[in-house]
Amino acid sequence: MTSTTVTTAPPHLPARGAGFLVGLRVFTVRSLKHSFRDGESVLMAILLPVMLMLIFTYVLGGAMNVGQGDDAAGAREAYLAFVLPAIALIAAGFGASYTSVVVSNDMTTGFMNRLRTMPFPSVTVLLGHTASSMVRNLLATAVVLLVGFAVGFRTDATVLEFLGAVGVIALWILVITCVFAMLGMVAGSAEAANGYGFILLFLPYVSSGFARVETMPAWLRPIAEHQPMTPIIDTSRALLNGGTPGSELWVGLLWCAGLIVLAVWLTAVIFPRRVART
């Protein structure tokens, strides 16, 4: 009688996932490639704030009184120094609005379903969009500042003060990107995501960005004073011009911290549910 020996194959170990850092790198590069291929969006995110700066400086700058400048040329130069921080933050808003659109596309076009078969943590998709938005918006901010210097902006700020102003602007870029990414996640379509965030793009206009709060009507002044853009603009303006921001710095930092915590908390609550039913 012949005996048959059955050999049992060793258990197959499950494949290890790519890991958080690898997933973050992959989706950051993916988002950057997609955004720079969409040249029109990148161009508008840079050109529109630059055009606004030129219009406000050369059309309105000579007529605006911000407390400096004895003639039209001096008033224009003073107004450029006044308005430049607001323009830089508007550039951040336009750039971050693109994030809500691409996040919504990933949530609504089946990309998350395909991601389930890949060894990547799902949250790295959102973090990749956030990181790439930071890169795009810092680039747009650099262009706005360079154009500002080219058209006559001069500063008495030290290197540390100038870097502090850029740091405040970069912090707001992170805040607005997190908020737009969250809006893109909950929106039902890319068009809806763009619409939800549209109101955020108007915040700099109802602030101290383009006119002193004291000159506004009594009913509008409390809105301008008690919204996040005013202390952030006042802080970056003071630092860019070599001044001391005072209490506006801490108020702006508190606004930024609160908005980031809120956006991250909402994302942590909503994202797993959205992924589960995508």
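In this text, all values refer to a predicted model and were calculated from it rather than measured experimentally. (Residues numbered from 1 in each chain as written. Predicted model: local features only at pLDDT ≥ 70, side-chain atom pairs only at ≥ 80, totals over all residues. Heavy atoms only, no water.)

A count of helical and extended segments in the protein gives ten helices and zero strands. Element order for the protein, N to C, with α for helix and β for strand: α-α-α-α-α-α-α-α-α-α. Taking all 278 residues of the protein together, 44% fall into the buried category. Considering only intrachain contacts with a sequence separation of at least 6, the fraction spanning at least 24 residues in the protein is 78%. Total accessible area computed for the protein in this model is approximately 14,400 Å², and 68% of it derives from carbon and sulfur atoms. (Helix = DSSP H or I, 4+ residues; strand = E, 2+ residues; numbered from the N terminus. Buried < 20%, exposed > 50% of the residue type's maximum accessible area, 1.4 Å probe, protein only. Contact = heavy atoms within 4.5 Å. Areas by Shrake-Rupley, 256 points an atom, 1.4 Å probe, with all protein chains shown as cover.)

Below, the discussion takes up the pattern of salt bridges. By the definition in use, this model includes one salt bridge. With a closest N to O distance of 3.1 Å, Arg-237 and Asp-234 form a salt bridge. Of the two residues, Arg-237 and Asp-234 both sit in helix H9 (residues 229-240), three residues apart, roughly one turn of that helix. The exposure class assigned to Arg-237 is buried, which follows from its relative accessible area of 12%. Judged by relative accessible area, which is 21%, Asp-234 ranks as partly exposed. (Salt bridge = Lys/Arg side-chain N within 4 Å of Asp/Glu carboxyl O.)

A separate point is the packing of aromatic side chains. What describes a pair of aromatic rings is the distance from one ring centre to the other and the angle between the planes of the rings. Taken as a whole and judged by the stated rule, the model has six aromatic pairs. With a centroid separation of 6.3 Å and an interplanar angle of 45°, the aromatic rings of Phe-149 and Phe-162 are classed as tilted. Placement of Phe-149 in helix H5 (residues 123-150) and of Phe-162 in helix H6 (residues 159-186) is noted, with a sequence separation of 13 residues between them. What links up through ring pairs into an aromatic cluster is the set Phe-56, Phe-202, Tyr-205 and Phe-210. Here the basic side chain of Arg-237 rests over the ring of Phe-82, its NZ or CZ set 3.7 Å away from the ring centre. (Phe/Tyr/Trp six-rings, centres within 6.5 Å; stacked < 30°, edge-to-face > 60°. Lys NZ or Arg CZ within 6 Å of the ring centre and 35° of its normal.)

On to H9, then. Its twelve residues give H9 an end-to-end C-alpha distance of 16 Å, which sits within 8% of 16 Å, the value for a rise of 1.5 Å per residue. For H9, the buried fraction is high: eleven of the twelve residues fall into the buried class. For H9, every residue scored as buried is listed here: Met-229, Thr-230, Pro-231, Ile-232, Ile-233, Thr-235, Ser-236, Arg-237, Ala-238, Leu-239 and Leu-240. At the exit of H9 stands Gly-242, carrying a positive phi of roughly 75°. (Expected span 1.5 Å × (residues − 1).)

A few words on H5. For H5, built from 28 residues, the straight-helix expectation of 40 Å at 1.5 Å per residue is met to within 8% by its first-to-last C-alpha distance of 41 Å. Within two residues after H5, Gly-152 carries a phi angle of roughly 125°, on the positive side.

Here we come to the confidence of the model for the protein. The pLDDT averaged across the protein works out to 79; a share of 82% of its residues lies at or above 70. The model gives residues 9-15 a pLDDT under 50, and that stretch makes zero contacts with residues more than four places away or in other chains. (pLDDT = per-residue confidence, 0-100.)

Moving on, we come to the environment of Pro-204. Within the secondary structure layout, Pro-204 lies in the loop between helix H7 (190-196) and helix H8 (221-225). Since its relative accessible area comes to 3%, Pro-204 is described here as buried. For the pair Pro-204 and Ile-233, spaced 29 residues apart in sequence, the C-alpha to C-alpha distance is 8.4 Å. Setting aside residues up to four positions removed in sequence, Pro-204 forms contacts with Ile-90, Gly-209, Phe-210 and Met-229.

The next subject is a nonpolar patch on the surface. Nonpolar side chains collect at one region of the surface, where Leu-43, Leu-47, Met-51, Leu-54, Ile-55, Tyr-58, Val-59 and Leu-60 lie side by side and expose about 720 Å² of accessible area between them. Take Tyr-58: it is sitting in helix H2 (residues 39-60). On the basis of relative accessibility, which here comes to 45%, the residue Tyr-58 falls in the partly exposed class. (Patch = residues over 30% accessible without salt bridge, like charges linked within 9 Å, V, L, I, M, F, W, Y side chains within 5 Å.)

Bringing the packing of H5 against H6 into the picture now. Between H5 and H6, whose axes approach to 9 Å, the crossing angle comes to 140°. Taken together, the axis directions place H5 and H6 in an arrangement best described as oblique. The element H5 and its partner H6 pack so that their crossing is right-handed. For the pair H5 and H6, contact is made by Leu-126, Thr-130, Ser-133, Met-134, Asn-137, Leu-138, Thr-141, Leu-145 and Phe-149 and by Phe-162, Val-166, Ile-169, Ala-170, Ile-173, Leu-174, Thr-177, Ala-181 and Met-185, respectively. For the contact of H5 with H6, the class distribution of residues is 13 nonpolar, five polar and no charged. (Axes fitted to C-alpha atoms, helices over the stretch in contact; angles between N-to-C directions. Parallel < 35°, antiparallel > 145°, perpendicular 65-115°, else oblique. Left-handed = near helix turned anticlockwise from the far one by under 90°. Nonpolar A, V, L, I, M, F, W, Y, C, P; charged D, E, K, R; others polar.)

A few words now on the nonpolar core. Of all hydrophobic cores here, the largest spans 52 residues; its most connected members are Ile-87, Leu-89, Val-144, Trp-172, Met-185 and Phe-210. Mapped onto this core, the elements with two or more residues apiece are H2, helix H3 (72-108), H5, H6, H9 and helix H10 (247-277). A per-element tally of this core places H3 first, with 16 residues. (Core = buried A, V, L, I, M, F, W, Y, C linked by side-chain atoms within 4.5 Å.)

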